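Listed here are the chains, written in short residue letters.
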There are 2 protein chains.
Amino acid sequence: MSLEFAILGFLNYHPYTGYDLKKIFDTSIRHFWPADQSQIYRTLARLTEQGFAGMEKVPQEDRPDRKVYHITEAGQAALREWLAGPPPLDEPRSAPLIQVFFAGQLTDEEILAKFDGFAAIMRAILAQYDQVPAQIGPYQQEITPPREHFFWLLTLDNGIRTMRANLEWAESVIERIKSGKVPSE
Amino acid sequence: MSLEFAILGFLNYHPYTGYDLKKIFDTSIRHFWPADQSQIYRTLARLTEQGFAGMEKVPQEDRPDRKVYHITEAGQAALREWLAGPPPLDEPRSAPLIQVFFAGQLTDEEILAKFDGFAAIMRAILAQYDQVPAQIGPYQQEITPPREHFFWLLTLDNGIRTMRANLEWAESVIERIKSGKVPSE
DNA sequence: TCCTTATATAAGACTAATCCTATATTATAT
DNA sequence: ATATAATATAGGATTAGTCTTATATAAGGA
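Residues numbered from 1 in each chain as written. Chains lettered and ligands numbered in written order. Predicted model: local features only at pLDDT ≥ 70, side-chain atom pairs only at ≥ 80, totals over all residues. Heavy atoms only, no water.

This part covers the packing of aromatic side chains. As enumerated under the stated definition, the model contains 22 aromatic pairs over all chains in all. With a centroid separation of 5.1 Å and an interplanar angle of 90°, the aromatic rings of Phe150(A) and Phe151(A) are classed as edge-to-face. You can call Phe150(A) buried: its relative accessible area is 11%. Members of the aromatic cluster, joined through ring pairs, are Phe10(A), Tyr13(A), Phe25(A), Phe32(A), Phe101(B) and Phe102(B). Stacked on the ring of Trp33(B), the Lys or Arg Arg93(A) has its end atom at 4.7 Å from the ring centre. (Phe/Tyr/Trp six-rings, centres within 6.5 Å; stacked < 30°, edge-to-face > 60°. Buried < 20%, exposed > 50% of the residue type's maximum accessible area, 1.4 Å probe, protein only. Lys NZ or Arg CZ within 6 Å of the ring centre and 35° of its normal.)

Taken together, 22 residues surround DNA strand C, and among them Lys23(A), Tyr41(A), Arg42(A), Lys67(A) and Arg93(A) come closest. Each atom of DNA strand C within 4 Å of the protein belongs either to a base or to sugar and phosphate, the latter forming 60%. The separation between a phosphate oxygen of DNA strand C and a polar side-chain atom of Lys23(A) is 2.3 Å. Between a base oxygen of DNA strand C and a side-chain N or O atom of Arg42(A), the distance comes to 2.4 Å. Put simply, the parts of the chain that give the surface near DNA strand C at least two residues each are helix 2 (18–27), helix 3 (37–49) and strand 2 (66–71) of chain A together with helix 3 (37–49) of chain B. Looking at which element gives the most residues to the surface near DNA strand C, the answer is helix 3 of chain A, with 4 residues. (Near = heavy atom within 4 Å. Polar contact = N/O pair within 3.5 Å; in protein donor to acceptor, adjacent residues only side chain to side chain. Helix = DSSP H or I, 4+ residues; strand = E, 2+ residues; numbered from the N terminus.)

Attention shifts here to the domain arrangement of chain A. Residues and elements named next belong to chain A. Domain boundaries assigned for chain A yield domain 1 (2–84) and domain 2 (95–178). If you average the C-alpha positions of domain 1 and of domain 2, the two centres end up 28 Å apart. Taken together, both faces of the contact between domain 1 and domain 2 bury some 1,000 Å²; the carbon and sulfur share is 62%. A per-residue breakdown of the area domain 1 buries against domain 2 is headed by Tyr13, Thr27 and His31, which together make up 47% of the total. Our count for the domain 1 to domain 2 interface comes out at 0 residue pairs in polar contact (both at pLDDT 80 or more). Counting residues per element, the ones that place at least two in the side of domain 1 that touches domain 2 are helix 1 (2–13) and helix 2. Counting residues per element, the side of domain 1 that touches domain 2 draws most heavily on helix 2, which supplies 4 residues. Grouping the amino acids of the side of domain 1 that touches domain 2 by side-chain chemistry returns 5 nonpolar, 4 polar and 2 charged. (Domains from an automatic or database assignment. Buried area = accessible area lost by both parts, 1.4 Å probe. Nonpolar A, V, L, I, M, F, W, Y, C, P; charged D, E, K, R; others polar.)

Structure, rendered in structure tokens:
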């Protein structure tokens, strides 16, 4: 469901092809909503069926015709309604926390290695986030008006804060492990 | 995949029925891994096929026979291997952040209402988390040994820190909106 | 020369998870 | 009197998302 509205959101800025959209997703909202290429094309087809998007074929030599999708008035209305509506509450899922929950099975050394690994991953992601504002791609030109840009940065800020909180958590656990504060059954 | 190991993790503490497991999930790891009743039963069947769990029927009058599942040696080995292995990196998904990303479409009043709503939800969840350690159910008795309890609290701590970071984010956005710092296109 | 990347689309198969429904009885609450 | 919660299981249908593969050509790098 959410993917539909994410696509409508981008089409509301500018008409795009499925190929364009895949690149846009990968360079903008992928931190909180990764999208599969195959699913983007399917969703575009569905949006067209529903009357939320229209499509023009742009013939090309040698390559498949580009199918440029644009948002319709019905699509804009649907987008606006969804945006103003209640937050789509998605239940959180974190498989790594399952490992933590049952980590009592492991030795203290294994546990320390695990949390060191967590911390390393989180630091790497944070380093990546720091570079995001710099790499505004050619597709982002339609999203750069200050108001749009502001909300884009808000989602990035959310990601950074969440990741920092998680890193601090991992570091506090590492300290506790090192100072022997893990109960030994 | 993760659900399999979560179930094995609990069966490693004690034999349980599908019904038991549903309750255990709902009172322990549901913050980061909600589980559907139907899926628990199906996964138990699969674990038995794979030889990771065994089952004994306990006949009852008037009600369906209880099927009590226990972990096998192969199951314990599989669990241990998974726990010690690399973190199962799940890509983050947050539908509410899609709303934020495209919130430029809305009026400043609507945006303020939206973030007030976010903050309210987060405060409610935080209040819930505060009560979690108090409500150790009858099923948790097998998980209360100090080492297991320690890791249980770590996952809770993670949830609290993450939610707090998100609440602080929402509050900082609310402040910025109120002081007119949202660019108006 | 050969391999990879970029451009562009899309179907097929599969997995995980959700939602709904069915069965059967007892106890409790309104 | 009626409804709902608790105990216990499980199938059917559906949705969302992933992974793999197919088609077609040009440009660039090793």
